[in-house]
Amino acid sequence: MVKGNGEVQLSYRLLLAVDIQGYSKRDTREQLRAQRLLSDALDAAARGVGLDRAAWDKQVGGDGELATLPEGVDPATVAGDFVILLDEALREANRDAGRFRLRVRLSLHHGTLTAGPFGPAGDAPIVVQRLLDAGPLRRLLAGDPDRDLAYVVSDSLFDDVVRTGFCALPPHGFHSVKVVAKGSVFRGHILTGRAARHDSGEDAGGPEPRSARVLDFPALAMG
């Protein structure tokens, strides 16, 4: 953590933003059900990689959340194994979906931020939110009725983590996008394939999800 002016402290963290598709079209009962199902799915995916969502710094809205993960969380595990488990949890939740299926958009980014009275401030929260709202990500979910999860990572996270091969999702499953919002350009990579483990010669069931390791983000960025 780097100290800034006065009492302000700048940190380098992993951020996750998630949003429920078609939330406003649901009545109050269905909105509450969607919130509970999404919270359960996120909890299950986090537990599957050894993380506890209770330790996340969450800024919650009715249709989703912006979460800052604790220092030292392995970004490769979150960018790969966590996403795979979240997709599986959403499919399970939708086995008895009723009128509305739970379909969500998810974005990930790592960068600098500082805590503020209304949530994290800095470039990182802006990037992760702009990517979450990106038109190509919305269209991917809207255009594929069988898809429950539309997922995007920032350009820097893709280069530093996904492209390394340490992530459970293969780089070739992503497609680069450029988003222009409020006069700024944001670049990311959307997973156009399925959130499933790629074939690496393991047994048919694939390797077990890894527990989140401690990793120094600045060291990763420079490596």
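Every value quoted in this text rests on a predicted model; they were computed, and no experiment measured them. Position numbers for residues count from 1 along each chain, tracking the sequence in the order it is written. Thresholds applied to this predicted model are a pLDDT of at least 70 for local features of residues and 80 or more for the giving and counting of side-chain atom pairs; totals over whole chains, interfaces and linings are not thresholded and use all residues. To obtain the side-chain values, all non-hydrogen atoms of the structure were included, while hydrogens and water were left out.

Student: Tell me about the packing of helix α1 (residues 28–48) against helix α2 (residues 75–93), residues and numbers included.
Tutor: Orientation is described by lines fitted to C-alpha atoms, with helices fitted over the stretch in contact, and by angles between N-to-C directions that extend from 0 to 180 degrees. Counting from the N terminus, the helices are the DSSP runs of H or I reaching at least four residues and the strands are the DSSP runs of E reaching at least two. α2 packs onto α1 with a crossing angle of 140° between their chain directions and a minimal axis gap of 8 Å. Classified by the angle between their axes, α1 and α2 sit oblique to one another. In the packing of α1 onto α2, the handedness of the crossing is right-handed. Together, Leu37, Ala41, Leu42, Ala45, Ala46 and Gly48 of α1 and Phe82, Leu85, Leu86, Ala89, Leu90 and Ala93 of α2 make up the contact between the two elements. Across the contact of α1 with α2, the residue classes break down as 11 nonpolar, one polar and no charged. Any angle from 65 to 115 degrees is called roughly perpendicular, while one under 35 is roughly parallel, one over 145 is roughly antiparallel, and all others are oblique. Handedness of a helix crossing follows the sense of rotation of the near helix relative to the far helix, less than a right angle counterclockwise being left-handed and clockwise being right-handed. By the convention used here, residues are in contact when the closest approach between their heavy atoms is within 4.5 Å. Three classes are used, and their members are as follows: Ala, Val, Leu, Ile, Met, Phe, Trp, Tyr, Cys and Pro are nonpolar, Asp, Glu, Lys and Arg are charged, and the others, Gly among them, are polar.

Student: Account for the pairing of strand β6 (residues 149–154), naming residues and giving values.
Tutor: The rule is simple: take the accessible area with a 1.4 Å probe, protein chains only, and divide by the maximum for that residue type; under 20% is buried, over 50% is exposed, in between is partly exposed. In terms of residue burial, β6 counts as a mostly covered element, since six of its six residues are buried. Strand pairing is defined by DSSP finding a minimum of two bridges between the two strands. Pairing between strand β5 (residues 104–113) and β6: five bridges, direction parallel. The residue bridging Leu108 from the neighbouring strand is Val153, located in β6. As paired strands, β6 and strand β8 (residues 184–191) are joined by three bridges and run antiparallel to one another. From the neighbouring strand, Val153 faces β8, where its bridge partner is His189.

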